[in-house]
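What the coordinates show
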Amino acid sequence: MTEPLFAVRALSCARGDRVLFGGVSFELRAGEALHIRGPNGYGKTTMLRALSGLGRPLRGDIRWRGERVRDLGDEFYAELAYLGHLNGLREELTAAENVWTYARTHGGADCDGKQVDAALARVGLAAAAERPARHMSQGQKRRLALACLLVVNRPLWLLDEPFTALDVGSVETLVNLIEEHLREGGLALIISHQAFDLPGIRNFDLEHFVRSRR
Amino acid sequence: MTEPLFAVRALSCARGDRVLFGGVSFELRAGEALHIRGPNGYGKTTMLRALSGLGRPLRGDIRWRGERVRDLGDEFYAELAYLGHLNGLREELTAAENVWTYARTHGGADCDGKQVDAALARVGLAAAAERPARHMSQGQKRRLALACLLVVNRPLWLLDEPFTALDVGSVETLVNLIEEHLREGGLALIISHQAFDLPGIRNFDLEHFVRSRR
Amino acid sequence: MRGSLLGAMRAVFIRELLLFWRRRTEVANILVFFVIVTTLFPLAVGPERRELAHIAPGVLWVAALLATTLSLNQLFIIDYTEGSLDQMLLSPYPLTALVFAKLAAHWVLTGLPLALLSPLLAIQMALPDKAMGTLVLSLLLGTPILTLIGAIPAALTLGVRGGGVLVSLLVLPLYTPVLIFGAEAVAAAAGQEFAATAHLSLLAAFLVLALAFAPLACASALRVSLD
Amino acid sequence: MRGSLLGAMRAVFIRELLLFWRRRTEVANILVFFVIVTTLFPLAVGPERRELAHIAPGVLWVAALLATTLSLNQLFIIDYTEGSLDQMLLSPYPLTALVFAKLAAHWVLTGLPLALLSPLLAIQMALPDKAMGTLVLSLLLGTPILTLIGAIPAALTLGVRGGGVLVSLLVLPLYTPVLIFGAEAVAAAAGQEFAATAHLSLLAAFLVLALAFAPLACASALRVSLD
Amino acid sequence: MIKYLHKYGAPRRFYAISGRVLPWSAVITVILFVSGLYLGLYWAPPDYQQGDAYRIMFVHVPNAWMSMMAYMALALFAAAGYIWNIRLADILAKCTAPLGASFTLCALVTGSIWGKPMWGTWWVWDARLTSELVLFFLYVGYMAVQASIEDPRRAAHASAIVAIVGVINVPIIHYSVYWWHTLHQPASITLTNQPKIYITMLIPLIVMSLAFMFFYLTMLLVRARNEILVREKDRQWVRNLARKIV
Ligand code: HEM
Ligand SMILES: Nc1ncnc2c1ncn2[C@@H]1O[C@H](COP(=O)(O)OP(=O)(O)OP(=O)(O)O)[C@@H](O)[C@H]1O
Ligand SMILES: Nc1ncnc2c1ncn2[C@@H]1O[C@H](COP(=O)(O)OP(=O)(O)OP(=O)(O)O)[C@@H](O)[C@H]1O
Ligand SMILES: [Mg+2]
Ligand SMILES: [Mg+2]
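Residues numbered from 1 in each chain as written. Chains lettered and ligands numbered in written order. Predicted model: local features only at pLDDT ≥ 70, side-chain atom pairs only at ≥ 80, totals over all residues. Heavy atoms only, no water.

1. Re the interface of chain C and chain E
Which entries qualify depends on this criterion: When checking whether two residues touch, look at their non-hydrogen atoms; a contact exists if any pair is within 4.5 Å. Take the accessible area each of two parts loses on contact, using a 1.4 Å probe, and add the two losses: that sum is the buried area. Whenever Lys or Arg places a side-chain nitrogen within 4 Å of a carboxyl oxygen from Asp or Glu, that contact is recorded as a salt bridge. Secondary structure follows DSSP: runs of H or I at least 4 residues long count as helices, runs of E at least 2 residues long count as strands, and numbering of each begins at the N terminus.
The interface of chain C with chain E comprises 15 residues on the first partner and 15 residues on the second. For the chain C and chain E pair, buried surface summed over both sides reaches about 1400 Å², with 73% attributable to carbon and sulfur atoms. Broken down residue by residue, the surface that chain C buries against chain E is led by Leu43(C), Pro47(C) and Gln124(C), which jointly contribute 37%. In this structure, the connection of chain C to chain E is made through zero salt bridges. Sorting the residues of the side of chain C that touches chain E by element identifies helix 2 (24-45), helix 3 (49-81) and helix 6 (111-124) of chain C as the ones contributing at least two each. The element that contributes the greatest number of residues to the side of chain C that touches chain E is helix 2 of chain C, accounting for eight residues.

2. Quick word on the packing of aromatic side chains
Here is the rule: To pair, rings of Phe, Tyr and Trp, with the six-membered ring standing in for Trp, must have centres within 6.5 Å; the planes then decide the type, stacked if under 30 degrees apart, edge-to-face if over 60, and tilted in the middle. Throughout this description, buried means an accessible area under 20% of the type-specific maximum (1.4 Å probe, protein chains only), exposed means over 50%, and partly exposed covers the range between. In this analysis the charged atom, NZ for Lys or CZ for Arg, is taken to sit over a ring once it is within 6 Å of the ring centre and within 35 degrees of the ring normal.
Per the stated rule, a full pass over the model turns up 22 aromatic pairs over all chains. Each ring, one from Phe6(A) and one from Phe76(A), has its centre 6.3 Å from the other, and the planes form 10°; the classification is stacked. One end of the pair, Phe6(A), is in strand 1 (residues 6-15); the other, Phe76(A), is in helix 3 (residues 74-77), with 70 residues separating them in the sequence. With a centroid separation of 5.2 Å and an interplanar angle of 80°, the aromatic rings of Phe33(E) and Phe212(E) are classed as edge-to-face. Of this pair, Phe33(E) sits in helix 2 (residues 11-43) while Phe212(E) is found in helix 7 (residues 199-231), placing the two residues 179 residues apart along the sequence. Judged by relative accessible area, which is 21%, Phe33(E) ranks as partly exposed. Members of the aromatic cluster, each reached through a chain of ring pairs, are Phe33(E), Phe103(E), Phe212(E), Phe215(E) and Tyr216(E). In this structure, Arg225(E) packs its charged tip against the face of Tyr15(E), placed 4.1 Å from the ring centre.

3. Comments concerning the coordination of the magnesium ion (ligand 4)
Residues and elements named next belong to chain A. Rules: The donor set covers N, O and S atoms within 2.8 Å of the metal, switching to 3.2 Å for Na, K and Ca, and it leaves out water, so a site may look short of donors.
Each protein donor to the magnesium ion (ligand 4) is listed here as Thr45 (OG1) and His85 (NE2); together their distances run 1.9 to 2.7 Å. One end of the pair, Thr45, is in helix 1 (residues 44-52); the other, His85, is in the loop between strand 6 (80-83) and helix 4 (95-105), and 40 residues separate them in sequence. Residue class for Thr45 comes out partly exposed when judged on its relative accessible area of 24%. Residue His85 is classed as partly exposed on the basis of its relative accessible area, which comes to 27%.

4. A closer look at the interface of chain B and chain C
We count it as follows: In protein, a polar contact requires one atom able to donate a hydrogen and another able to accept it; more generally it is a pair of N or O atoms within 3.5 Å, and residues adjacent in sequence count only if both atoms are side-chain atoms.
Contacts between the two partners involve 31 residues from chain B and, on the opposite side, 32 residues from chain C. Taken over both partners, the interface formed by chain B and chain C buries close to 2900 Å², and the fraction arising from carbon and sulfur atoms is 55%. The largest contributions to the chain B side of the interface with chain C come from Leu54(B), Arg90(B) and Thr105(B), which together make up 22% of the buried area. The tally of links from chain B across to chain C stands at two salt bridges. When the shortest N-O distance is used, the salt bridge between Arg90(B) and Asp79(C) registers 2.7 Å. Put simply, chain B and chain C have seven residue pairs in polar contact (both at pLDDT 80 or more) between them. Among the secondary structure elements, those contributing two or more residues to the side of chain B that touches chain C are helix 1 (44-52), helix 3 (74-77), strand 6 (80-83) and helix 4 (95-105) of chain B.

5. As for the site of ligand 3
Rules: Only heavy atoms are used to decide nearness, and a residue is near a molecule or strand if one of them lies within 4 Å of it. Exposure was quantified through the Shrake-Rupley algorithm and a 1.4 Å probe, taking into account, for residues, occlusion by the shown protein chains and nothing else.
Around ligand 3 sit 21 residues in total, of which Arg131(A), His135(A), Ser137(A), Thr45(B) and Thr46(B) are the nearest. Residues lining ligand 3 come from chains A and B. Gly139(A) is positioned such that a nitrogen or oxygen atom in its backbone is 2.7 Å from an oxygen atom of ligand 3. The separation between an oxygen atom of ligand 3 and a polar side-chain atom of Arg18(B) is 3.3 Å. Within the complex, 90% of the 630 Å² of free accessible area of ligand 3 lies under protein.

6. Thoughts on the site of ligand 1
All names here are of chain E. Our working definition: Ten residues, namely Ala, Val, Leu, Ile, Met, Phe, Trp, Tyr, Cys and Pro, are considered nonpolar, four, namely Asp, Glu, Lys and Arg, are considered charged, and the remaining ones, Gly among them, are considered polar.
Around ligand 1, the surrounding shell holds 18 residues, and the nearest of these are His60, Trp65, Trp114, Leu129 and Glu132. Within the side chain of Trp65, a nitrogen or oxygen atom sits 2.9 Å from an oxygen atom of ligand 1. In the environment of ligand 1, an oxygen atom lies 3.4 Å from a nitrogen or oxygen atom belonging to the side chain of Arg128. For the shell around ligand 1, the secondary-structure elements that each account for two or more residues are helix 3 (57-84), helix 4 (87-119) and helix 5 (127-148). When the residues that make up the shell around ligand 1 are grouped by side-chain class, the tally is 11 nonpolar, five polar and two charged.

7. Observations regarding the sheet that holds strand 7 (residues 156-160) of chain B
Residue and element names in this part refer to chain B. Stated precisely, the cut-off is as follows: Pairs of strands are assigned from DSSP output, requiring at least two bridges between the strands. As a rule, the C-alpha atoms of each element are fitted with a line to give its axis, helices using only the stretch in contact, and angles between N-to-C directions run from 0 to 180 degrees.
Pairing within the open sheet is parallel, and its five strands lie in the order 6-7-8-3-9. Strand pairing shows two members of the sheet lacking a second neighbour, strand 6 and strand 9 (202-205), which therefore form its edges. Ignoring which end each strand starts from, the neighbouring axes of this sheet average 15° apart. Packing against the sheet, helix 7 (residues 168-183) makes contact with strand 3 (33-37), strand 7 and strand 8 (187-191), and its axis sits at approximately 150° to strand 8.

8. Comments concerning the packing of helix 6 (residues 95-109) of chain D against helix 8 (residues 132-156) of chain D
Residue and element names in this part refer to chain D. Here is the rule we go by: Oblique is the label for any angle not covered by the other classes, which are roughly parallel (under 35 degrees), roughly antiparallel (over 145) and roughly perpendicular (65 to 115). Should the near helix be turned counterclockwise from the far one by less than a right angle, the crossing is left-handed, whereas a clockwise turn marks it as right-handed.
Where helix 6 meets helix 8, the axes come as close as 10 Å, and the angle between the chain directions of the two elements is 135°. With respect to their mutual orientation, helix 6 and helix 8 come out oblique. Classified by chirality, the crossing of helix 8 by helix 6 is right-handed. For the pair formed by helix 6 and helix 8, the contact residues are Leu103, His106 and Trp107 on the first element and Leu140, Thr143, Pro144, Thr147, Leu148 and Ala151 on the second. When the residues that make up the contact of helix 6 with helix 8 are grouped by side-chain class, the tally is six nonpolar, three polar and no charged.

9. Some points on the coordination of the iron atom of ligand 1
Angles at a metal have ideal values that depend on geometry: 109.5 degrees with four tetrahedral donors, 90 or 180 degrees with six octahedral donors. Looking at the protein side alone, the iron atom of ligand 1 has one donor only, His60(E) (NE2), at 2.1 Å. The topology assignment puts His60(E) in helix 3.

10. Details of the nonpolar core
As a reminder, the rule being used: The term nonpolar core refers to a set of buried residues drawn from Ala, Val, Leu, Ile, Met, Phe, Trp, Tyr and Cys, joined through side-chain atoms within 4.5 Å.
Core analysis: the biggest nonpolar cluster contains 309 residues, and Phe6(A), Phe26(A), Leu189(A), Phe6(B), Phe26(B) and Leu189(B) have the highest contact counts within it. Setting aside its immediate chain neighbours within four residues, Leu189(B) contacts Phe6(B), Phe26(B), Leu28(B), Leu34(B), Ile36(B), Leu48(B), Leu51(B), Leu156(B), Trp157(B), Leu158(B) and Leu159(B).

11. Thoughts on the side chain of Thr218(E)
Within the element layout of this structure, Thr218(E) appears in helix 7. Those residues within four positions of Thr218(E) in sequence are excluded, and the remaining contacts are Leu22(E), Ser25(E), Ala26(E) and Thr29(E).

12. A word on the confidence of the model for chain E
Applied cut-off: Values of pLDDT, the confidence the predictor places in each residue, fall between 0 and 100.
For chain E, mean pLDDT is 84; residues scoring 70 or higher make up 89% of the total. Residue range residues 183-190 of chain E is modelled with pLDDT below 50. Its contacts to residues more than four positions away, or to other chains, number 10 contacts.

13. Some words on the confidence of the model for chain C
Per-residue pLDDT for chain C has a mean of 83; in total, 89% of the residues score no lower than 70. Mean pLDDT across the elements of chain C bottoms out in helix 8 (residues 163-191) of chain C (76) and peaks in helix 5 (residues 95-109) of chain C (92).

14. Observations concerning the sheet that holds strand 9 (residues 202-205) of chain A
Residue and element names in this part refer to chain A. Spatially, five strands are ordered 6-7-8-3-9 in an open sheet, and the strand pairing comes out parallel. The sheet is open, and its two edges are formed by strand 6 and strand 9, each paired on a single side. Mean inter-strand twist for the sheet, computed between neighbouring axes without regard to direction, equals 15°. As paired elements, strand 7 (residues 156-160) and strand 8 (residues 187-191) share five bridges and run parallel to each other. Bridged to Leu158 within strand 8 is Leu189. Its contacts with the sheet place helix 7 (residues 168-183) against strand 3 (33-37), strand 7 and strand 8, and it is angled at close to 150° to strand 8.

See below:
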């Protein structure tokens, strides 16, 4: 059995002065994925932000390849891709420009027009490359945000309700993309209320770790 | 057979200079509901906004109880409740205050604390009445927006992806709420990519009416 | 529909007061901004009292105007991005009335305290004591005009990114007459060259005009912005 | 990671230029705001030329300062509400460097045109010709300081409602030295009482200081705001 | 050293220790105020030029000094809280700000009151007065940031950045205002031709300054203890305390 790449031990998070959950521990090896579930307001988003480094956990130990992520700093950021509730797009930029700037600022220096187009095609936005994001529907924006994940090659994917606003076909596309990512040795943490069909994914119910529920 | 309450004939909508769809016609009688489906970007949201009076259709005839809604003006607004992509809450106000101001500005003058509490309890936010909306998770905010629908008694519900961010239990609650609304003679138009189980609901696939697809 | 129009307007008014109360620091901030702008002038122009007294009416009025403009940027934008404005448009009551209630609340929480605070700053700027009453009165008449007129471009530029500056751009030319008459009234009272009453009654006339037309124009602007 | 830091900074810079180009009316707006504020003064104060010339340096500098402050409100807020800032924080490159690139772009698109435009307004205000060079130079040195310092409060107040006015409140006291030396330099050049060089070299020293520390402070502020 | 700070910086420990210090500092404050006021108002002779009006100095000058000292304290506490993550330092910084702002406001108001008979006006744009005014704005900005962020940890970090940036700027502001004043033609009235201070005036001044210092200490402890109770209201030890009192 290989070493776990991503290990979380005894994690607890708070919002304001209220502790949300505690004692969360899990390990992920290459090619593994976790489906994080739990009722509204139990702290799934808070947890994912803490794991990404955007938030700050109350307590706990988060390790990547055996080292603490706080110590790794920017090096850890070079290994992860995060998709939040918000899409992180700029409405005035076209689809292609959004993807290109994301790639460049995240270390995809060899990213050229061809790669951008390929990523857009993967999410079904090939025809919309030159359209500004503000002229897109909710689902199209979500897909554009997904295209950004494809141009930087990151082993760890953190996805917060990635299926929001996606139509039936796109949900399938995304599941396929995740499957491929895992086959290539990637890891994924996925928050979703919607069930989806990904062979071998483990479920993680945050409910069991809740400290205060309101 | 009763007269149709809400009748749409030969509706077409445009965004920018692009005609999205045309020739949409349907009728709804008391107690009927329509599930509007279609791939991302085909114009579901545009259509719902046009029906509510927020947007302006390119062509077509929309009638409520036999009269054109453009002629009815504010009187038509007194019959509908709209839930968009956005929740329409103010983050600084508490849950109860949000519901109360919505009720008052929408003609629920007899709405008192008890009714507000009842609505919040229906969507599972009884304990959060005094919490500001900014301290709520995505799903909790969505539920709060739904609570607003319950304090004004409107026959026509226009819901744009109401299930977004809701957990499994809340999806069920909402389906029950809609069912009850229909039983009491209400009407509902529901945009959703997610399938849901509502006996007797008709499907409406916008795909068949599309004029330009990008 | 069993509610009443007045009830709805009252609800909008209370809602705004509540929102401001939750963000009470913001109200304070507008006042402090007013204070700071008036303070910048002596720093930039130099400390001689006679000269300061001469430009005091102009500076105080420009500062009041800028403070109001700044606070107007926030007037609709949050309601817009969070969808509450959609809901307000779908209210069965006339939008004009609801807008009027909103603007009234806004003035009570910005223009009014600003007018009441102004004598303190006037002392700093060495304005003669005899002009204080006129200063407060001119601001009491003038700031509601600023709020009413300023709301129109604030509503028009909602969909437009970076609307903030655009608002200032559209609003400032409209403000010009208010500014001139307001500042002139105070200058007149300070120098007793002419009676200030003429200017003040012109301001009052503007106010009546703005009260009559601005809420209507603002409501139409909102409908256009959300189409 | 195969990219380069410079490549990332270039990308941020280009991104900002693109965004500004798409919203080019906004850039124009900041200039127009500058123009309008300086135009309001003669209106509010009265048209005597001698007096105008005397207060011209101060008014021009205050107008430049307010225009920059206004544009700062927009600096991070859209990136914040749409989640791009989250992504920027998760970049593998040092945040300080990316912030620096962003600020550089901001200055190129606001401070620089403002400085270049200023002589035109100075003529309006009857500033002597011999002071024109100093005016432009002082603004070229001063506006980047305003941008650099102002970015810190802009970053700090991100999660905060009514942040716009709070930014002004925090920023304006910090601007005092820049304003004083900027306006004094121009006044000195206009009156030739003292050489303007002393003031200008102090401004340059401030600029170096701000370049060294402000991006760092700004990056820390962003991390705090998004926590 | 940092460990030591963390140990004694635990709010609960601080609450216990400060509880013992507080009565003493309160008593000293009262004694100093009483004797200072006696010395200033009765013992010191009237000024040959200003008569009794100068006595406002015994309030004005200590307040002016304290306004600056409190800002230094504020910046130090804030920096310690930000860099080493000491919660107590955050609390002390937060509680210092309103005190410092009050000192500043008092200096401004007493100065103005003094200025009216002395200079014939409430306010002049003198270098010292101007920098005091700017200092007041800095305090207000700090407090505005504190007030507008609800999460105490974020509020502490954000306002700490304000305080640190401000402390770099205070000397710059001070000197720039001074230069502004002197490089320009001299203003008609200045503070420089103040009367020489006699020993009979110096002694009450020093006593009053000490009194204000201890007043600051006392009020800081009171406010900090209060803040600690509010922040730790859900902790067991605070509950026990509450139960004991009730
Ligand atoms: C609003 C008006 C005033 C303000 C804001 C103000 C501010 C200050 C400040 C900040 C200091 C401390 C300076 C330092 O230690 O560096 C100070 C000291 C002092 N002030 Fe004032 N002042 C004002 C009016 C006056 C007036 C009217 C007088 C009397 C003519 C006066 C007499 C003094 C004296 C004697 C000191 C102590 C001198 C020293 O320590 O060097 N002040 N004031
Ligand atoms: N800014 C905030 N300040 C204080 N509390 C907050 C804040 N945001 C969220 N919370 C609280 O933290 C808890 C967890 O929120 P979080 O967004 O992590 O939930 P979630 O599990 O992602 O829920 P959802 O399924 O609805 O997205 C919620 O109960 C919410 O009330
Ligand atoms: N502001 C706009 N300006 C111009 N075109 C727009 C604008 N908003 C959306 N569109 C275009 O109109 C079309 C319909 O958008 P709409 O939001 O109605 O789609 P939708 O069916 O609701 O999609 P989704 O399922 O993704 O929510 C899209 O193709 C989009 O590109
Ligand atoms: Mg969530
Ligand atoms: Mg849609």
